[in-house]
Amino acid sequence: MSLGHEVRYRVRGGAELNGTVFVQGAKNAVLPMIGASLMAAEGRTVLRNVPIIEDVKRAVELAQAVGAKAELHEAERTLVIDASQLTSPVLPEEIASRFRGSFLFVPALLHRLGEAVIEGVGGCNLGSRNLDFHYNGFKRMGATVTEQVSDDGRGSIHVKAGQLQGGTLYLDTPSHTGTENLLMAASLAEGTTLIKNCALEPEVLDVIQLLQRMGARITGGGTGFITVEGVDRLTAVQHTVMPDRIDAGVLVMAAAATGGEISLVGASLEHLGVAADKLEQMGVEFAQEGAVLRVRRDRPLRPINVITDEYPGFATDLQSPIMALSCLADGPSYIYERIFDGRFKLADELVRMGADIEVNGNRAKVNGATPLRGAEVVAHDLRTGSALVLAGLVAEGETTITNGYYLDRGHSHIAERLNALGADIERLV
Ligand SMILES: CC(=O)N[C@H]1[C@@H](OP(=O)(O)OP(=O)(O)OC[C@H]2O[C@@H](n3ccc(=O)[nH]c3=O)[C@H](O)[C@@H]2O)O[C@H](CO)[C@@H](O)[C@@H]1O
Ligand SMILES: C=C(OP(=O)(O)O)C(=O)O
């Protein structure tokens, strides 16, 4: 199977961005929602405002691989899932290893089939990305977790459970997908579950809303302590996926990089958390007008200090884009990456474009402002990809970004949307 790494993006820099752009539905909300929809044993779940991205296409393939009927109606941005006949507990490597969200199918498989076989979990390669919080939680609910190696040396993890039992669970740190997985597991477990140290991300709250609509009894979302009273069954419902705050943040930074004024339909300043404050300090002006966020930057960018943190802290997924933006700010910017230990591969690519960046472990110093020039650069992960698009928008000449599949994993029609604002970007296959 092609990995799609031959996709490239060509960006010609120099244009100011102006106009109106739509923020896509949230990748990190729709993926757990697809997992949740597999818990409904009857009826059809209808998810609206679904982003048309590669991760969603993989999730649809994975839902089909375990026996569900899943139809993605791209023009309507609507996904219809009928999970009445789940037939296989296996998350096959060729699909599951291409996106992190595959692991969010495990609770549904445990409840519906009594087991899940995980042949691989993908996602951006950001250093160590363990799943111990998830496995420990499932075990505390009565599941057994074993690793098996087949004759050809391929490993897989088998999680088995009769009826999962409620109990007291915790996350060592407030893991985003960890919270979602334990919430889903607890929703159909017998008895009451308390989950401590839960993630507060807006996507987690959106997933809770979907689960509640399906009949789950969940309280405490957004507080760090969540209580779930297990129920016997969940019902298929309709839900509209929240807007993607990371997509919104990248679009804000595109306007910040080029200057100009854009209106983001569906963006919420509140969802940007501390990132909004940091961008304001850099010189970006915001005006929230209902569901539309107006963004303008008409003075020189100032340097910034960024520490990534769980929500409402500065989102790690916006760290790469702000590194690119910092190259344009007049003076030294400091970035401290606290969530992932392998998220600075971008620095070398930006240096290739003329940036001056010193990396020391999980800290980086960006010495701005340096003029950027077009170059052939590599997207090492999704957010490196979006950061390089930002750099390409202001670089002199032409930038070619290889490994474009990563961008396609998380941004829907990014070239078309930016071109409508005045950019010059081509997706080359
Ligand atoms: C599909 C999805 O929603 N992806 C998002 C999710 O990833 P994901 O849910 O994988 O990220 P986590 O919040 O779980 O990870 C945060 C930190 O906890 C560590 N950890 C996590 C789980 C575990 O069992 N053991 C462990 O040690 C990780 O290695 C990492 O250092 O949140 C990240 C942090 O906001 C985002 O960058 C990703 O875009
Ligand atoms: C790290 C990311 O995603 P995933 O967890 O799906 O790899 C991301 O969205 O930047």
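Residues numbered from 1 in each chain as written. Chains lettered and ligands numbered in written order. Predicted model: local features only at pLDDT ≥ 70, side-chain atom pairs only at ≥ 80, totals over all residues. Heavy atoms only, no water.

- The name given to the chain in an unreviewed UniProt entry is UDP-N-acetylglucosamine 1-carboxyvinyltransferase, and the organism recorded there is Actinoallomurus spadix.
- Note on the chain: under the UniProt heading Pathway (unreviewed entry), the record states "Cell wall biogenesis; peptidoglycan biosynthesis."
- Listed under Subcellular location (unreviewed entry) in UniProt, the entry text for the chain is "Cytoplasm". (UniProt positions renumbered as here; feature names shortened; annotations may be inferred.)

1. Some words on the nonpolar core
1) Next: The biggest cluster of nonpolar side chains holds 75 residues, and the ones touching the most others in it are Leu 38, Leu 91, Phe 138 and Leu 211.
2) Next: Not counting the four nearest positions on each side in its chain, Leu 91 is found in contact with Leu 62, Val 66, Ala 96, Ser 102, Phe 105, Val 106, Leu 109, Val 117, Ile 118, Glu 119 and Gly 120.
3) Next: Val 21, Leu 390, Leu 393 and Leu 421 belong to the second-largest nonpolar core, a separate cluster that totals 70 residues. (Core = buried A, V, L, I, M, F, W, Y, C linked by side-chain atoms within 4.5 Å. Buried < 20%, exposed > 50% of the residue type's maximum accessible area, 1.4 Å probe, protein only. Contact = heavy atoms within 4.5 Å.)

2. Remarks on the site of ligand 1
1) Next: Asp 132, Ser 175, Thr 177, Asp 317 and Ile 339 are the nearest of the 19 residues found near ligand 1.
2) Next: Note that an oxygen atom of ligand 1 is positioned 3.0 Å from one of the side-chain N or O atoms of Asn 28.
3) Next: Here an oxygen atom of ligand 1 and a side-chain polar atom of Thr 177 are 2.5 Å apart.
4) Next: Relative to its unbound accessible surface of 740 Å², ligand 1 loses 88% to contact with the protein.
5) Next: Elements with a contribution of two residues or more to the shell around ligand 1: helix 1 (27-37), helix 5 (132-140) and helix 6 (176-187).
6) Next: At three residues, helix 5 tops the list of elements feeding residues into the shell around ligand 1.
7) Next: Class assignment for the residues of the shell around ligand 1 results in four nonpolar, nine polar and six charged. (Near = heavy atom within 4 Å. Polar contact = N/O pair within 3.5 Å; in protein donor to acceptor, adjacent residues only side chain to side chain. Areas by Shrake-Rupley, 256 points an atom, 1.4 Å probe, with all protein chains shown as cover. Helix = DSSP H or I, 4+ residues; strand = E, 2+ residues; numbered from the N terminus. Nonpolar A, V, L, I, M, F, W, Y, C, P; charged D, E, K, R; others polar.)

3. Examining the pairing of strand 16 (residues 285-289)
1) Next: Note that strand 16 and strand 17 (residues 292-297) share five bridges and pair antiparallel. In the sheet register, Phe 286 faces strand 17, and the bridge partner there is Val 295.
2) Next: Hairpin connection, strand 16 to strand 17: the antiparallel pair is bridged by two residues, and Gly 290 has positive phi, about 65 degrees. (Pairing = 2+ DSSP bridges.)

4. Observations regarding the domain arrangement of the chain
1) Next: Assigned domains within the chain: domain 1 (8-24 + 243-428) and domain 2 (27-240).
2) Next: Taking only C-alpha atoms, the centre of domain 1 and the centre of domain 2 are 30 Å apart.
3) Next: Taken together, the 23 residues of domain 1 in the interface contact 23 residues of domain 2.
4) Next: Taking both partners together, domain 1 and domain 2 bury about 2100 Å²; carbon and sulfur atoms supply 49% of that area.
5) Next: Of all residues in domain 1, Tyr 311, Tyr 405 and Arg 409 bury the most surface against domain 2, accounting for 31% of the area lost on that side. (Domains from an automatic or database assignment. Buried area = accessible area lost by both parts, 1.4 Å probe.)

5. Observations regarding the sheet that holds strand 11 (residues 192-196)
1) Next: What the four strands build is an open sheet, ordered 10-11-13-12; its pairing is mixed. In the strand order of this sheet, the two ends are held by strand 10 (168-170) and strand 12 (217-219), each with one partner. Averaged over all pairs of adjacent strands, the angle between strand axes in this sheet comes to 20 degrees, irrespective of strand direction.
2) Next: Note: strand 10 against strand 11, three bridges, orientation parallel. (Axes fitted to C-alpha atoms, helices over the stretch in contact; angles between N-to-C directions.)

6. Some details on helix 8 (residues 245-258)
1) Next: In a regular helix each residue adds 1.5 Å, so 14 residues correspond to 20 Å; helix 8 covers 20 Å between its end C-alpha atoms and thus fits that length.
2) Next: When you tally the buried positions in helix 8, you get 14 out of 14 residues, the bulk of the element.
3) Next: Capping of helix 8 at its N-terminal end is provided by Asp 244; its side-chain oxygen lies 2.9 Å from the backbone amide nitrogen of Ile 246.
4) Next: Taken from the residues just after helix 8, Gly 259 is the one with a positive phi, measuring 80 degrees. (Expected span 1.5 Å × (residues − 1).)

7. Things to note about the sheet that holds strand 14 (residues 238-240)
1) Next: Taken together, four strands build an open sheet; the order of strands is 4-5-3-14 and the sheet is mixed. Either end of the sheet is taken by a strand with one partner, and the two such strands are strand 4 (69-73) and strand 14. When strand polarity is set aside, the average angle formed by the axes of neighbouring strands in this sheet is 15 degrees.
2) Next: Note: strand 3 (residues 44-48) against strand 5 (residues 78-82), four bridges, orientation antiparallel. The residue of strand 5 that forms the bridge with Arg 44 is Asp 82.
3) Next: Here helix 1 sits on the sheet and contacts strand 3, strand 5 and strand 14; the angle it forms with strand 3, its principal contact strand, is near 170 degrees.

8. Side note on the packing of aromatic side chains
1) Next: Applying the stated criterion to the full structure yields one aromatic pair.
2) Next: Relative to Tyr 135, the ring of Phe 103 has its centre 5.3 Å away and its plane inclined at 80 degrees; by these criteria the two rings are edge-to-face. On the criterion of sequence distance, the pair formed by Phe 103 in the loop between helix 3 (93-96) and helix 4 (106-113) and Tyr 135 in helix 5 is long-range, its members being 32 residues apart.
3) Next: Among the residues examined, Tyr 135 registers a relative accessible area of 12% and is labelled buried.
4) Next: The side chain of Arg 363 reaches across the aromatic face of Tyr 336, ending 3.9 Å from its centre. (Phe/Tyr/Trp six-rings, centres within 6.5 Å; stacked < 30°, edge-to-face > 60°. Lys NZ or Arg CZ within 6 Å of the ring centre and 35° of its normal.)

9. Digging into helix 4
1) Next: Those residues of helix 4 that sit buried are Val 106, Pro 107, Ala 108, Leu 109 and Leu 110.
2) Next: At the C-terminal side of helix 4, Gly 114 shows a positive phi close to 80 degrees.

10. A look at the UniProt feature "binding site: phosphoenolpyruvate" (unreviewed entry) in the chain
1) Next: As recorded in UniProt, the feature "binding site: phosphoenolpyruvate" (unreviewed entry) lies at Lys 27 and Asn 28.
2) Next: Among the structural elements, Lys 27 can be located in helix 1.
3) Next: The contacts of Lys 27, once residues within four sequence positions are left out, are Pro 32, Pro 51, Ile 53, Asp 55, Asp 244, Leu 382, Arg 383, Arg 409 and Gly 410.
4) Next: Here Asn 28 is to be found in helix 1.

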